[in-house]
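The lines below spell out each chain.
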Amino acid sequence: MKAKDEIGEYQDYSQIISHKIRLIEDIKSANSIRDFGGVWGVHGLYLFEGIKSLRCTYGEMIDVNPTDKFLSNMEEIEKTHNCLIKYTRCDFRTPGIYSDLPTVDVSLLYEIILHQDNHVEVMKNVANKTDNVICFAQPVLKEEMFSLPCANVLLQFYEEELKDELRIKNWWEKEPRVDVFTTRYWMWGQTASYINNVFYGLGWDLSHQENYHLSDQWNYSLMRYIPK
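Residues numbered from 1 in each chain as written. Predicted model: local features only at pLDDT ≥ 70, side-chain atom pairs only at ≥ 80, totals over all residues. Heavy atoms only, no water.

As for the overall build of the chain
Now for step 1: A tally of regular secondary structure across the chain gives six helices and ten strands.
Now for step 2: Across its three principal directions, the C-alpha atoms of the chain cover 50 × 40 × 35 Å.
Now for step 3: In the chain, which comprises 228 residues, the share counted as buried stands at 53%.
Now for step 4: Put simply, of all contacts in the chain between residues at least 6 apart along the chain, 76% involve residues at least 24 apart.
Now for step 5: Averaging the locations of the 24 positively and 34 negatively charged side chains of the chain gives two centres separated by 3 Å. (Helix = DSSP H or I, 4+ residues; strand = E, 2+ residues; numbered from the N terminus. Buried < 20%, exposed > 50% of the residue type's maximum accessible area, 1.4 Å probe, protein only. Contact = heavy atoms within 4.5 Å. Lys, Arg positive; Asp, Glu negative; His and termini not counted. Charge placed at Lys NZ, Arg CZ, Asp CG, Glu CD.)

See the structure below:
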């Protein structure tokens, strides 16, 4: 599939949600799917929509904070869609958890890599436990912000004045000042080319990409990757 790299018009949050679901649906079918960090704010929406649209028989959520709504939705989807769903409560930054994970057809990395102090290691571990497709979505800094491609900058310790210039309404709100890596807050400003090249180095090719305008500095990018 040819990658789409043109810049689309501004999309609101509800439109972005529909694009993220469609990114999974367009895979058409899969036996298994795993979502990393997909509870917060959406209660497992993307995992459950993937299970339904791809007709998976196995699904797994890896997250540290389950919600009552997520757990009740998980029980309902298991019953109505004949799918075994596993909830693994752990921090997916921890390398040791991956040794016991079975491989899956599809993995979801939605809005989590910009929060990881060891994001390349997380991407590598996820890729090693995925057979067919990785779906990726998050805000990215626009390429024209940099004189060179494949840029990645550490935002967490920027001065507040500069952070305020870069903030995106409804996406990156003001947070407390921190002096050490704090993964619950926004850490990285990554370009789409940076993400693409990290996956390339891990043995994965970009098969689909679409970018949407969020602000003068930021796009929202959605990508799918397949093994080389």
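What to know about the side chain of Glu 175
Now for step 1: Its location among the elements puts Glu 175 in the loop between helix H5 (160-166) and strand E8 (188-190).
Now for step 2: When its relative accessible area of 11% is taken as the criterion, Glu 175 is described as buried.
Now for step 3: A polar contact of 3.3 Å, which involves the side chain of Glu 175, links it to the side chain of Lys 163.
Now for step 4: A distance of 2.9 Å separates polar atoms of two side chains, one belonging to Glu 175 and the other to Trp 172.
Now for step 5: Apart from the residues within four sequence positions on either side, Glu 175 is in contact with Lys 163, Arg 167 and Tyr 185. (Polar contact = N/O pair within 3.5 Å; in protein donor to acceptor, adjacent residues only side chain to side chain.)

Brief notes about the pairing of strand E6 (residues 130-141)
Now for step 1: Counting buried residues in E6 gives ten out of twelve residues, a clear majority hidden from the surface.
Now for step 2: Note that the unit made of strand E5 (residues 104-110), helix H4 (residues 119-128) and E6 has a crossover that is right-handed.
Now for step 3: In this sheet, strand E10 (residues 218-227) lies alongside E6 in antiparallel orientation, the contact comprising eight bridges. Following the sheet pairing, Phe 136 is matched in E10 by Met 223. (Right-handed = clockwise from strand over helix to strand, strands pointing away. Pairing = 2+ DSSP bridges.)

A look at the pairing of E5
Strand residues, when the strand is regular, have side chains that alternate between the two faces of the sheet.
Now for step 1: Judged by how many residues are buried, E5 sits mostly within the fold: seven of seven residues are covered.
Now for step 2: Where strand E2 (residues 32-36) lies against E5, three bridges are found, and the strand directions are parallel. If you follow Ile 33 over to E5, its bridge partner there is Val 106.
Now for step 3: One ladder, built from six bridges, connects E5 with E6; its direction is parallel. The residue bridging Ser 107 from the neighbouring strand is Ile 134, located in E6.

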